[in-house]
Amino acid sequence: MSTFQAPKGTYDLTPPRSATFLAVREAISAPLRDSGYGYIETPGFENVELFARGVGESTDIVTKEMYTLTTKGGDQLALRPEGTASVLRAALEANLHKAGNLPVKLWYSGSYYRYERPQAGRYRHFSQVGAEAIGTEDPALDAELIILADQAYRALGLRQFRILLNSLGDKECRPVYREALQTFLRDLDLDEETRRRIEINPLRVLDDKRADVQKQLTDAPKLRDYLCDACKAYHEEVRALITAAGVVFEDDEKLVRGLDYYTRTTFEFVHDGLGSQSAVGGGGRYDGLSEMIGGPELPSVGWALGVDRTVLALEAEGVELDLPAVTSVYAVPLGDEARRVLFGVVTELRRAGIAADFAFGGRGLKGAMKSANRSGARYTLVAGERDLAEGVVQLKDMESGEQSAVPLAGAAAELAKRLG
Ligand code: HAM
C-alpha cells in the first residue's frame, strides 16, 4: 500500500474539481437559505444510541455500516451515518421547538460515514447537504422541500433526474399493512436472510433488487390499498401542490428507503446517468422520530442530497458549471525590486476585494507567464527594473493580448476600474 493513498472507499477533493463541490453545496443550499431555513452544524459523531434508536436497529446502516468506537473514557460513539437524527437531537437539546415558531427549519452540510462496499458513487465517506423542517404536519411543507430540491438541481443545470414519490402510511395504517405483507411473504420461496428480514422489516423485502425475488412479489399486497383516509388525503394534497408547482414526479409504490423513521411522504431523486447508485438524494416525513429518541411529538419532514453523486450526475450530463475565475490579476515581477513593489500592489488589490495572485519563487518570465495563464486571470501585471525606473508597470489583457504601460501609482485603481 502506498503511503499516499486515501483510505479505502474515500477520496480527496483537490483543485480544480473541488471547486465544483463547493459550487454544488452552494447551489443546493441557496434555495433553502431563501426559504427560511437556518444553518445548523452538529458534531461528526454522536452517541451510538441515537442512531440505533433513530435510524433503526433493523437497517443495514445501523447493523452493518456504522463506524462505532469506544472512547478512552468508555463512551460508545458512532461517526454519523446520516444527518436527520443528529439535527433533531440538536434541535431538542437547544429547545428550538419551544421558541413558539414552528416549524423549525434547518439546513446543514457535511461529511457522513458508512462502512459500505465501495463502488462508483458509493463511498465510505461522502458529503450531503440536507434540510429538516421540524414540528409541523402540513402537506405544503413536504411539497416545499421537494420543490426546493428540484429548484436546486435545475439551477445546477441537471435535467436527467426523476423524482419518485410514495406514502408509507402512519402508525395507524402501516402496522395493518405490515402484517398483511408478512403473511404474504412467509409463503414465498426465499433465502434465510430474506426470511429474517420479513420478520424485522418486511417492507424492505419489496426493495430487493433480485429478479427472482421481484417475480414472486407481483401479487404482494399494496400499501396503497391499506392507507388510511387521513394518509390518503395528506398524500393527495402533497401531489396536488407539487403538480401545481410544475414539478414532475412519478408515483413509485415500491419506494421504501433504507431508514426506519419514515412515515407518510417519502421520495427519492434518481439520476439516470449514474448506473446502480442512482439515488442522488432522498427524504421524507418522519413523524415518530422525535418520540423514538425520547422527545415530544414533533411531526417533521426533510431530505438530504448527496454532493458526491450530484457532481457525478453533472459530469454524466456533461454540465460545466459557470465557475468564476479564481484569480483576476496575476503579478509577474522581474527582479528583487519589482518583487517588493508588485507584492505591494497585489496586497493593495486584495484589500480592495480584487482576487490577485503572484509569481512566487523568483521564476523567469516564461515560467511565470505560464502560471499567469493557468490561473485564469484576466489581467497580468509585469514589471522589471526599467519599468520601475519609469514609474510604470506593464498591464496585459490576457483575453485580447493587448499590453500597455500604466503608471505604477494608479495601477490598482486602473485594474479596479477595468474589472468593474
Ligand atoms: P439517504 O437516502 O440515506 O438519506 O442519503 C441521502 C443521499 O446521500 C443519497 O441519495 C446519496 O446521494 C447520498 N449517499 C448516501 N450514502 C452514500 C454513500 N455511501 N456514498 C455516496 N453518497 C451516499 C438520508 O441520509 C436521510 N437522512 C435523508 C433525510 C433527511 N430524510 C429526512 N431528512
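No experiment lies behind these values; they were computed from the predicted model shown.

S.K.: How should a positive patch on the surface be read in this particular structure?
M.R.: A cluster of basic residues, Arg 363, Lys 366, Lys 370 and Arg 374, forms a positive patch on the protein surface. You can see Arg 363 is positioned in the loop between strand 13 (356-358) and helix 14 (365-375).

S.K.: I'm lost on the pairing of strand 9 (residues 263-271) in this one. Help?
M.R.: Consecutive residues of a regular strand have side chains that alternate between opposite faces of the sheet. The element strand 9 is largely enclosed, with a buried count of 9 among its 9 residues. As defined by bridge partners, strand 7 (residues 161-167) adjoins strand 9 across 7 bridges and the pair is classed as antiparallel. Each residue of the ladder has a partner; that of Leu 165, found in strand 9, is Phe 267. As judged from the 6 bridges shared by strand 9 and strand 10 (residues 279-285), these two strands associate in the antiparallel manner. Bridged to Thr 263 within strand 10 is Arg 285.

S.K.: Looking at this structure, I do not really get the packing of helix 1 (residues 17-33) against helix 12 (residues 307-317). What am I missing?
M.R.: At a closest axis distance of 10 Å, the pairing of helix 1 and helix 12 adopts a crossing angle of 110°. Regarding the angle of helix 1 to helix 12, the classification is roughly perpendicular. Residue-level inspection shows Arg 17, Thr 20, Phe 21, Val 24, Arg 25 and Ile 28 of helix 1 in contact with helix 12, the latter providing Val 307, Asp 308, Thr 310, Val 311, Leu 312, Leu 314 and Glu 315. Here the contact of helix 1 with helix 12 is built from residues that sort into 7 nonpolar, 2 polar and 4 charged.

Scoring rules and cut-offs
- Residues numbered from 1 in each chain as written.
- Predicted model: local features only at pLDDT ≥ 70, side-chain atom pairs only at ≥ 80, totals over all residues.
- Heavy atoms only, no water.
- Patch = residues over 30% accessible without salt bridge, like charges linked within 9 Å, V, L, I, M, F, W, Y side chains within 5 Å.
- Areas by Shrake-Rupley, 256 points an atom, 1.4 Å probe, with all protein chains shown as cover.
- Salt bridge = Lys/Arg side-chain N within 4 Å of Asp/Glu carboxyl O.
- Lys, Arg positive; Asp, Glu negative; His and termini not counted.
- Charge placed at Lys NZ, Arg CZ, Asp CG, Glu CD.
- Helix = DSSP H or I, 4+ residues; strand = E, 2+ residues; numbered from the N terminus.
- Buried < 20%, exposed > 50% of the residue type's maximum accessible area, 1.4 Å probe, protein only.
- Pairing = 2+ DSSP bridges.
- Axes fitted to C-alpha atoms, helices over the stretch in contact; angles between N-to-C directions.
- Parallel < 35°, antiparallel > 145°, perpendicular 65-115°, else oblique.
- Contact = heavy atoms within 4.5 Å.
- Nonpolar A, V, L, I, M, F, W, Y, C, P; charged D, E, K, R; others polar.

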